[in-house]
Amino acid sequence: MASTIQKQKLFLSFPHYAVVGASTDRSKFGTKVLQWYIQRNRPVTPVHPSNDELEGIKTIRSLTDLPNPTETSVSIITPAKITINLLKQIEELSIPAVWCQPGATDVACVQYIKDNGMSDRVLFEGECILRDGDGALQSML
């Protein structure tokens, strides 16, 4: 299995990013993750089922609306009961890398990741882009 830093580098190597779990509430971690990408000038698309815009960026309703899913890394900041369905979509869309923020997975999600051979491309063991992302970016220079 790939190491955490290898998975972080893989995640950050793609040209596009999407965030599932951001909202209009700036105190929530989903929005903080979206802001992390914006502050680093990363091309990011928020995914939200009802809001048309978050942090000044047009949203899409679903991962299935991504224009380039095979070139997009996805950050997930949702409850595990939602994450499990997102993981299924990610597999169907051949999304290459996923960062599940702490609290976004449960035993069923972890089992799905392992059963479907996704362990080398999904960060799901407590890694946090807000804490670890800059270090991973720095290591890529």
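In this text, all values refer to a predicted model and were calculated from it rather than measured experimentally.

### Quick word on the packing of helix α1 (residues 4-12) against helix α5 (residues 129-139)
Here α1 crosses α5 at 80 degrees, and the two axes come no closer than 9 Å. Here α1 is positioned roughly perpendicular relative to α5, judged by the angle of their axes. Counted together, Ile5, Gln8, Lys9, Phe11 and Leu12 of α1 and Ile129, Asp132, Gly133, Ala136, Leu137 and Ser139 of α5 form the full contact between these two elements. Here the contact of α1 with α5 is built from residues that sort into six nonpolar, three polar and two charged.

### Quick look at the sheet that holds strand β6 (residues 97-100)
Strand pairing in a sheet takes place through backbone hydrogen bonds and is either antiparallel or parallel in direction. Pairing is parallel across the open sheet formed by five strands, whose spatial order is β2-β1-β5-β6-β7. Each having just a single partner strand, β2 (44-47) and β7 (122-123) make up the two edges of the open sheet. Strands in contact with helix α3 (residues 80-93) are β1 (16-20), β5 (72-76) and β6; relative to β5, the strand with the most contacts, it is inclined by about 170 degrees.

### A word on the pattern of salt bridges
Here the structure, examined in full by the defined rule, presents five salt bridges. Note that Asp134 and Arg40 form a salt bridge whose closest N and O atoms lie 2.6 Å from each other. You can see Asp134 sitting in helix α5 and its partner Arg40 sitting in the loop between α2 (29-39) and β2, a full 94 residues away along the chain. Arg131 serves as the salt-bridge partner of Asp132, at 2.8 Å between the closest nitrogen and oxygen. Taking relative accessible area as the criterion, Asp132 reaches 18% and is therefore assigned buried. Among the residues examined, Arg131 registers a relative accessible area of 57% and is labelled exposed.

### A word on the layout of surface pockets
There is about 180 Å³ of room inside the largest pocket. Around the largest pocket sit 13 residues that line it, and Val20, Val47, His48, Pro49 and Arg61 are the ones nearest its centre. Looking at the lining of the largest pocket, its residues break down into seven nonpolar, five polar and one charged.

About the criteria used
- Residues numbered from 1 in each chain as written.
- Predicted model: local features only at pLDDT ≥ 70, side-chain atom pairs only at ≥ 80, totals over all residues.
- Heavy atoms only, no water.
- Axes fitted to C-alpha atoms, helices over the stretch in contact; angles between N-to-C directions.
- Helix = DSSP H or I, 4+ residues; strand = E, 2+ residues; numbered from the N terminus.
- Parallel < 35°, antiparallel > 145°, perpendicular 65-115°, else oblique.
- Contact = heavy atoms within 4.5 Å.
- Nonpolar A, V, L, I, M, F, W, Y, C, P; charged D, E, K, R; others polar.
- Pairing = 2+ DSSP bridges.
- Salt bridge = Lys/Arg side-chain N within 4 Å of Asp/Glu carboxyl O.
- Buried < 20%, exposed > 50% of the residue type's maximum accessible area, 1.4 Å probe, protein only.
- 1 Å grid on protein atoms, 1.4 Å probe; cavity = no way out; pocket = protein on both sides within 12 Å on 5 of 7 lines; lining within 4 Å.
- Points joined across faces, edges and corners; volume = space filled by probe spheres on them.

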